[in-house]
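Given next are the chains, with one letter for each unit.
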Amino acid sequence: MSELNLFLFGPPGAGKGTQAARLREDFDLPYIATGDMLREHRANETELGTQAAEYMSNGDLVPDELVIEMIMEEIETKGDDGFLLDGFPRSVGQAEALSDEIERRGRRLTAALLISADDDTVLTRITGRRGCSNGHVYHVEFDPPKHEGVCDQCGKPLTQRDDDQAEVVSKRLKTYHQQTEPLIDYYEERGLLRRFDGTRSPTEVHDHIRATLATLRLEERL
Ligand SMILES: [Zn+2]
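Bear in mind the structure is a predicted one, so any value in this text is a computation, not a measurement.

K.L.:
What am I meant to see in empty space enclosed by the protein here?
P.N.:
It is a probe the size of a water molecule, rolled over the atoms, that shows where empty space is left. Evaluation of the coordinates by the stated rule reveals one cavity of 30 Å³ or more. As a volume, the largest cavity reaches approximately 40 Å³. If you go around the largest cavity, the residues you meet are Leu6, Leu23, Phe27, Leu29, Leu84 and Leu213. A per-class count over the lining of the largest cavity returns six nonpolar, no polar and no charged.

Structural data, given as structure tokens:
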């Protein structure tokens, strides 16, 4: 048995999205991003999607059990050799519920990959982002355009997304610290935590993750 059952997490702005995209290229593992998964279910009007839509139209959160059912369906149809889960669990309660379901099927998580970064780094990264309406992205400090506020590539004005404003980012960070950060201890106690320094360059983080996954794969074969 050499399946790699992975969960990827970290604060906003630590580079999780970039690493997920690279890991999807490297490893032939189904990528289960819960946000996309929910959208697909709703768009295809599946039974679970219709149930989820009802909660959402009432302004309620989609219950954990429903999300877990969707995840397990993905794992069972595509994840024989493993999976890369992103976006869930976001709390210890959710992690416990999910691991119960995974274990009920005689499987277990191989590792929880944490891409960490301190609040200052994250705030600087996110609040400095500017983009044009064609999707070209800059950073006021790390990758500034030649002329302030104007896209080098298409000449359109550069603006900041509402989601990238300091207040919004601080709020997301607060939620992360309160709800999701306890997962670090949770997975560490279970010997599953693998930590990556998200303040390093994307290529360095990627190399480190690849080396770690290669080792995990070897260990799983033993
Ligand atoms: Zn542009």
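There's more to say after this.
K.L.:
Please explain the nonpolar core as it appears in this structure.
P.N.:
One broad trend across soluble globular proteins is that nonpolar side chains are buried collectively. Within the largest apolar cluster, 31 residues are counted, with the highest numbers of intra-cluster contacts made by Phe7, Phe9, Ile71, Leu98 and Tyr187. Those elements that place two or more of their residues in this core are β1 (4-9), α2 (34-43), α3 (47-57), α4 (64-78), β3 (82-86), α5 (92-104), β4 (111-116) and α8 (182-189). For this core, the element with the most residues is α4, which contributes seven residues. Beyond its immediate sequence surroundings of up to four residues, phenylalanine 7 is in contact with Leu85, Phe88, Pro89, Leu109, Ala111, Ala112, Leu113, Leu183 and Tyr187. Formed by 22 residues, the second largest nonpolar core is a distinct cluster that contains Leu4, Ala14, Leu23 and Ala111.

K.L.:
What's the story with the pattern of salt bridges in this structure? I'm lost.
P.N.:
Side chains carrying opposite charge are able to pair once their charged atoms draw close together. Using the criterion set out here, one finds 15 salt bridges in the structure. In this structure, glutamate 76 and arginine 105 form a salt bridge, with 2.4 Å as the shortest nitrogen-oxygen distance. One end of the pair, glutamate 76, is in helix α4; the other, arginine 105, is in the loop between α5 and β4, and 29 residues separate them in sequence. A salt bridge links arginine 161 to aspartate 164; the shortest N-O distance between them is 3.6 Å. Salt bridges sharing common partners tie together Glu76, Glu101, Arg104 and Arg105.

K.L.:
When you look at the sheet that holds β1 in this model, what are you seeing that I'm missing?
P.N.:
Adjacent strands of a sheet form backbone hydrogen bonds with each other and so pair up, either parallel or antiparallel. In spatial order, the strands read β2-β3-β1-β4-β7; together these five strands make up an open sheet with parallel pairing. Single-partner strands in this sheet number two, and they are β2 (31-33) and β7 (193-197). Between one strand axis and the next, the sheet turns by 20° as a mean value, whatever way the strands run. Across five bridges, β1 lies against β3 in parallel orientation. Residue pairing in the sheet places asparagine 5 in a bridge with phenylalanine 83 of β3.

The rules behind the values
- Every chain is numbered independently, its residues counted from 1 as its sequence is written.
- At least 70 in pLDDT is required for a residue's local features to be given in this predicted model, at least 80 for side-chain atom pairs to be given and counted, and no such filter applies to totals for whole chains, interfaces and linings, which use all residues.
- The side-chain numbers reported here are obtained from all heavy atoms of the structure, hydrogens and water having been left aside.
- Grid spacing is 1 Å over the protein atoms alone, the probe is 1.4 Å, and a cavity is where that probe fits but cannot get out, while a pocket is an open set with protein on both sides within 12 Å along at least five of seven lines and lining residues have an atom within 4 Å of a point.
- Grid points are joined across faces, edges and corners, and a volume is the space filled by probe spheres set on the points.
- Each residue is assigned to one class: nonpolar for Ala, Val, Leu, Ile, Met, Phe, Trp, Tyr, Cys and Pro, charged for Asp, Glu, Lys and Arg, and polar for all the others, Gly among them.
- Residues grouped as a nonpolar core are buried Ala, Val, Leu, Ile, Met, Phe, Trp, Tyr and Cys residues, joined through side-chain atoms within 4.5 Å.
- The rule is simple: take the accessible area with a 1.4 Å probe, protein chains only, and divide by the maximum for that residue type; under 20% is buried, over 50% is exposed, in between is partly exposed.
- Secondary structure elements follow DSSP: runs of H or I of four or more residues count as helices, runs of E of two or more count as strands, with numbering from the N terminus.
- Any two residues having at least one pair of non-hydrogen atoms within 4.5 Å are treated as being in contact.
- Here a salt bridge means any side-chain nitrogen of Lys or Arg lying within 4 Å of a carboxyl oxygen belonging to Asp or Glu.
- Pairing between two strands is assigned when DSSP locates at least 2 bridges connecting them.
- Convention adopted: a line fitted to C-alpha atoms gives each axis, helices being fitted over their contacting stretch, and angles between N-to-C directions are expressed from 0 to 180 degrees.

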